[in-house]
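Spelled out from the first residue to the last, the chains are:
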Amino acid sequence: MKNPADSKQVPASLYRQIPSVDELLGRPRLAELARQTGRTLLLETTRNVLEEIRTAIQRKPEAAEDAFEPGKIEEQIAAGVRRALEPSLRAVINATGVVLHTNLGRAPLAPAAVERFRQTATQYSNLEYDLDERARGKRDVHTVRLLTRLLGAEAAIVVNNCAAAVFLVLNTLAKGAEVIVSRGELIEIGDGFRIPEIMAESGATLREVGTTNRTRAADYEKAINERTRLLLRVHPSNFRVVGFTEQPTLEELVELGQRSGLPVCEDLGSGCLADLAPQGFEEPLAEASLSAGAALVTFSGDKLLGGPQAGIIAGKREYVERVRRNPMFRALRVDKLTIAALEATLNAYLRGALDEIPALRMIRISADEIGRRARAFVEKLRSELATGEVTLEIREGWSVIGGGATPQQQLATQVIMISSARHSAAQLETQLQAPSQAMPVVTRVEEDRLVLDLRTVFPEQEPALAAALCHALR
Ligand SMILES: *Cc1c(COP(=O)(O)O)cnc(C)c1O
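Predicted, not measured: the structure shown is a model, and the values here were computed from it.

Side note on the overall build of the protein
When you go through the protein residue by residue, the secondary structure sums to 20 helices and 18 strands. Considering only C-alpha atoms, the protein reaches an extent of 90 × 60 × 55 Å along its principal axes. For the protein, buried positions account for 49% of its 474 residues. Put simply, of all contacts in the protein between residues at least 6 apart along the chain, 74% involve residues at least 24 apart. Total accessible area on the protein is roughly 23,600 Å²; 49% of this is exposed by carbon and sulfur atoms.

Shown next as structure tokens:
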């Protein structure tokens, strides 16, 4: 058998037919492209394309004929340049109904937060400069005021994300010592955040107590010894143990902590600042954990809070200050853009303007309102499609908050179900998510039908969503 990669089989004359770099770059279209995108990128792309052609000829000399067509090579080069310049991180339409979708970037920012972000990003700021004292300041001051006020906390600091917050708390308070955690709370959250692993990296030793489904305060008490530094409670986030279960209340743990001289820290994960009880949710409020006596709470900025990616550590001054002094704080601190967006988001809470925060607005929309939007949307699609090959139906369904909040509790919604006589749901899904789409659309698929939940679609995205659907369904 011939070795297909054996270059000796290919006559040199074939290679000589490949147009030269200069010849290609002299063609009007590529010369114009060089003016737009710069010569370096074009040159590099051209060399790569020619290299690919040489390799292809080597593999299959008989297919060479076709490869020499300069028009075709030109097209390959232009496409290569386009690909190199396309942004990788792009906006998509989230029609899944999962409000805090980690794969889709969790919370979208409020317009006010974006504006503050923009102002701070494009200008100098008093990030670490005290304008009153005309002296060096601390970046913490910009968020501490609002966080302490909204949480009823003595002190608060912000780090890169909640994983960093948990790490820092454990590393500061329990390095080289023991932390007691219930076996029912040794969770893994998406993408490798596992409590036992974070614990190990922090230098603290995990002391598991109780069983997966039942742990009592007495179990913690029995495990306390001279090496114990902390009682840790972890919000189970994305799972629930149901049935024969028991966990001590935070109050019971705090009482035990007080008797034993140990702080209790609670990793809330999602960290709810607004009462969602009117929406039928029982997500613990960060404020309630602190008033129940937790020494520290940790939670994310981009889950239920609805702000930028961040990790918030709040609670008793003594503990927050110890965490602040940890040299690792410097490595995990947030940048000015996060501070700007977080401050503006917290400002909306202070004004009670919850609907300004997109994630909270989406959570609070009623199923009736989504139903109205869905009917108008379907009406519009029907008139644009004008074909009997597509079936559009509105049904009752469920949206999910996501982000580790309220895993079992769902939001009643009205979903649009779409099927086509011509394309399978999987084909439609592929088409809608194709990177070539101006605005890729992420949906759910059930029973070979596309399922769209407008809860997570911004009203101003509806025309783009309709256009993408019409294109895919034709
Ligand atoms: C989500 C979550 C984290 C991690 O938060 P990030 O901000 O993604 O780092 C930690 N703990 C709990 C309980 C969570 O739900």
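Things to note about the sheet that holds strand β5 (residues 155-159)
The seven strands lie next to each other as β5-β13-β12-β11-β10-β6-β9, forming an open sheet whose pairing is mixed. Sheet topology places β5 and β9 (205-209) at the edges, where each strand pairs with a single neighbour. Going across the sheet, the axis of each strand differs from the next one's by a mean of 25°, ignoring polarity. The sheet contact formed by strand β12 (residues 296-300) and strand β13 (residues 311-315) spans five bridges and is antiparallel.

Some words on the site of the ligand
Around the ligand sit 13 residues, and of these Ala163, Ser237, Asp267, Ser300 and Lys303 come closest. Within the contact set of the ligand, an oxygen atom lies 2.9 Å away from a side-chain nitrogen or oxygen of Arg106. A distance of 2.6 Å is found between a nitrogen atom of the ligand and a side-chain nitrogen or oxygen belonging to Asp267. Look at the ligand: alone it shows 380 Å² of surface, and the protein chains cover 94% of it. For the shell around the ligand, the class distribution of residues is five nonpolar, five polar and three charged.

With respect to the packing of aromatic side chains
Counting across every chain of the model gives zero aromatic pairs. Stacked on the ring of Phe244, the Lys or Arg Arg214 has its end atom at 3.8 Å from the ring centre.

Details of helix α3 (residues 28-37)
If you check which residues of α3 are buried, you get Leu30, Leu33 and Ala34. Viewed along the axis of α3, the buried residues span an arc of 105°, placing them on a single side of the element. With respect to the buried face of α3, the exposed residues turned more than 90 degrees away are Pro28, Arg35 and Gln36. Summarising the contacts, the buried residues of α3 are in contact with α2 (21-25), α4 (39-59) and α6 (70-85). A positive phi of about 90° marks Gly38, the residue just after α3.

Concerning the environment of Arg149
Mapping Arg149 onto the fold places it in helix α8 (residues 141-151). Using a relative accessible area of 61% as the deciding quantity, one classes Arg149 as exposed. Spatially, the C-alpha atoms of Arg149 and Lys303 are 20 Å apart, while their sequence positions differ by 154 residues.

Let's talk about the nonpolar core
By size, the foremost hydrophobic cluster in this structure holds 54 residues, and its most contacted members are Leu151, Leu273, Phe299, Tyr349 and Ile363. Setting aside residues no more than four positions away along its own chain, Leu273 makes contact with Leu150, Leu151, Leu285, Ala286, Phe299, Leu305, Leu346 and Tyr349. If you look at the next biggest cluster of nonpolar residues, it comprises 34 residues, including Ala165, Phe167, Leu170 and Leu173.

Brief notes about the pattern of salt bridges
A complete count under the given rule lists 34 salt bridges for this structure. The partner of Glu128 in a salt bridge is Arg139, with the nearest N and O atoms 2.7 Å apart. Here Glu128 is found in the loop between α7 (111-122) and β3 (129-130), whereas its partner Arg139 is found in the loop between β4 (135-136) and α8, with 11 residues between them in sequence. Residue classification places Glu128 among the partly exposed positions, given a relative accessible area of 23%. The network of salt bridges with shared partners includes Arg27, Arg29, Glu74, Glu75 and Arg82.

With respect to the side chain of Lys303
Examined against the element boundaries, Lys303 turns out to sit in the loop between β12 and β13. There is no salt bridge for the buried Lys303, and the closest opposite charge comes from Asp302, which lies 6.6 Å off by N-O distance.

Considering unusual backbone geometry
What you tend to see is this: most non-glycine residues have negative phi, and most peptide bonds are trans. With a phi angle near 50°, Arg106 is a residue other than glycine that sits in the positive phi range. Following the sequence through the fold, Arg106 ends up in the loop between β2 (98-100) and α7. Even without a glycine there, the phi angle at Asp448 is positive, about 55°. Checked against the element boundaries, Asp448 lands in the loop between β17 (444-446) and β18 (449-453).

So, the state of the cysteines
Within this structure, the stated rule accounts for zero disulfides. Not part of a disulfide, Cys162 finds its nearest cysteine sulfur in Cys265, a span of 12 Å. Cysteine Cys272 remains unbridged, with the sulfur of Cys162 as its closest cysteine sulfur at 14 Å.

Details of empty space enclosed by the protein
This model, assessed by the stated rule, comprises two cavities of 30 Å³ or more. As a volume, the largest cavity reaches approximately 70 Å³. Lining of the largest cavity is provided by Arg139, Asp140, Thr143, Ile157, Val158, Phe329, Arg333, Val334 and Ile339. The class makeup of the residues in the lining of the largest cavity is five nonpolar, one polar and three charged. By volume, the second largest cavity amounts to about 40 Å³. Lining the second largest cavity are Val166, Val169, Leu170, Leu232, Cys265, Glu266, Asp267 and Thr298.

Side note on the sheet that holds β17
Two orientations exist for strands paired in a sheet by backbone hydrogen bonds: parallel and antiparallel. Taken in spatial order, the five strands make up an open sheet running β2-β14-β15-β18-β17, and their pairing is mixed. Sheet topology places β2 and β17 at the edges, where each strand pairs with a single neighbour. For this sheet the average axis-to-axis angle between neighbouring strands, irrespective of direction, equals 40°. The pairing of strand β15 (residues 411-420) with β18 spans four bridges and is classified as antiparallel. The partner of Val415 across the bridge, within β18, is Asp453. Most of the contacts of helix α18 (residues 367-385) go to β15, to which it runs at about 15°, and overall it touches β14 (390-402), β15 and β18. Most of the contacts of helix α19 (residues 425-433) go to β18, to which it runs at about 50°, and overall it touches β15, β17 and β18.

The rules we used
- Residues numbered from 1 in each chain as written.
- Predicted model: local features only at pLDDT ≥ 70, side-chain atom pairs only at ≥ 80, totals over all residues.
- Heavy atoms only, no water.
- Helix = DSSP H or I, 4+ residues; strand = E, 2+ residues; numbered from the N terminus.
- Buried < 20%, exposed > 50% of the residue type's maximum accessible area, 1.4 Å probe, protein only.
- Contact = heavy atoms within 4.5 Å.
- Areas by Shrake-Rupley, 256 points an atom, 1.4 Å probe, with all protein chains shown as cover.
- Pairing = 2+ DSSP bridges.
- Axes fitted to C-alpha atoms, helices over the stretch in contact; angles between N-to-C directions.
- Near = heavy atom within 4 Å.
- Polar contact = N/O pair within 3.5 Å; in protein donor to acceptor, adjacent residues only side chain to side chain.
- Nonpolar A, V, L, I, M, F, W, Y, C, P; charged D, E, K, R; others polar.
- Phe/Tyr/Trp six-rings, centres within 6.5 Å; stacked < 30°, edge-to-face > 60°.
- Lys NZ or Arg CZ within 6 Å of the ring centre and 35° of its normal.
- Arc of directions from axis to C-beta.
- Core = buried A, V, L, I, M, F, W, Y, C linked by side-chain atoms within 4.5 Å.
- Salt bridge = Lys/Arg side-chain N within 4 Å of Asp/Glu carboxyl O.
- Lys, Arg positive; Asp, Glu negative; His and termini not counted.
- Disulfide = S-S within 2.5 Å.
- 1 Å grid on protein atoms, 1.4 Å probe; cavity = no way out; pocket = protein on both sides within 12 Å on 5 of 7 lines; lining within 4 Å.
- Points joined across faces, edges and corners; volume = space filled by probe spheres on them.

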